[in-house]
Amino acid sequence: MKTSGKQRVLQKIYYMQIRKATVSDYQIIYDIAIITWNATYSNILSAAQMKYMIDMMYSRQAIADQISEKGHHFIIAEDNTGLAVAFASYEIDYSNETTKVHKLYVLPATHGKGIGRSLISLIEKAAIDAGNKKLLLNVNRYNPAVNFYLKTGFTNMGVEDVDIGAGYLMEDYKMLKQL
């Protein structure tokens, strides 16, 4: 049986739901972070720097502090089977009328399915609802995700090197999107 163009497009739609995460979702967040970090940063950062940064940002206590003390909102995207495939974190009113996207990680096997765009859209809505007019994020200068952010409307505002301790730098682009 021959399928129409519309049917082919419908077959490519990726079904998911996005939900708010809590500290009890720590293991899900950690597991997605480890998988995406290994796929993305193993050719960019040394193994020692990766371990340092993962310990610093993704320990159970670090995630708990980000949620309860720093006011970061975590969201998790799940596919139609309930499998978590991505997460993001953001902070409303990070600075004057600006929401900061702190993290956005999509499992490599699910890239290209609109998951990252959906997470950005949800964050944009939350920012607008809170009266924020801009989204801000940092992304490693050598991370292929730079192109994703440019395609979703972010502008590269230049480089920013962030000293994270132990002699390590995050070599980032600072990116901004007007809402």
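Look up: the structure comes first, before these words.
Given the structure is predicted, the values throughout are model-derived calculations rather than measurements.

### Quick notes on the pairing of strand 4 (residues 98-106)
Of all nine residues that make up strand 4, eight are buried, and the element is covered over most of its length. Relative to strand 4, strand 3 (residues 84-95) is paired through seven bridges, and the arrangement is antiparallel. Note on strand 4: the bridge partner recorded for Ser 95 is Thr 98. As consecutive antiparallel partners, strand 3 and strand 4 are separated by two residues, and within that stretch Glu 97 has a phi angle of approximately 55°, a positive value. Alignment of strand 4 against strand 5 (residues 134-140), held across four bridges, turns out to be parallel. The residue bridging Thr 99 from the neighbouring strand is Leu 135, located in strand 5. You can see the chain leave strand 4, run along helix 5 (residues 115-129) and come back into strand 5, and the turn it takes is right-handed.

### Describing the environment of Leu 122
Structurally, Leu 122 can be placed in helix 5. Judged by relative accessible area, Leu 122 falls into the partly exposed class, the value being 31%.

Rules and cut-offs
Residues numbered from 1 in each chain as written. Predicted model: local features only at pLDDT ≥ 70, side-chain atom pairs only at ≥ 80, totals over all residues. Heavy atoms only, no water. Buried < 20%, exposed > 50% of the residue type's maximum accessible area, 1.4 Å probe, protein only. Helix = DSSP H or I, 4+ residues; strand = E, 2+ residues; numbered from the N terminus. Pairing = 2+ DSSP bridges. Right-handed = clockwise from strand over helix to strand, strands pointing away.

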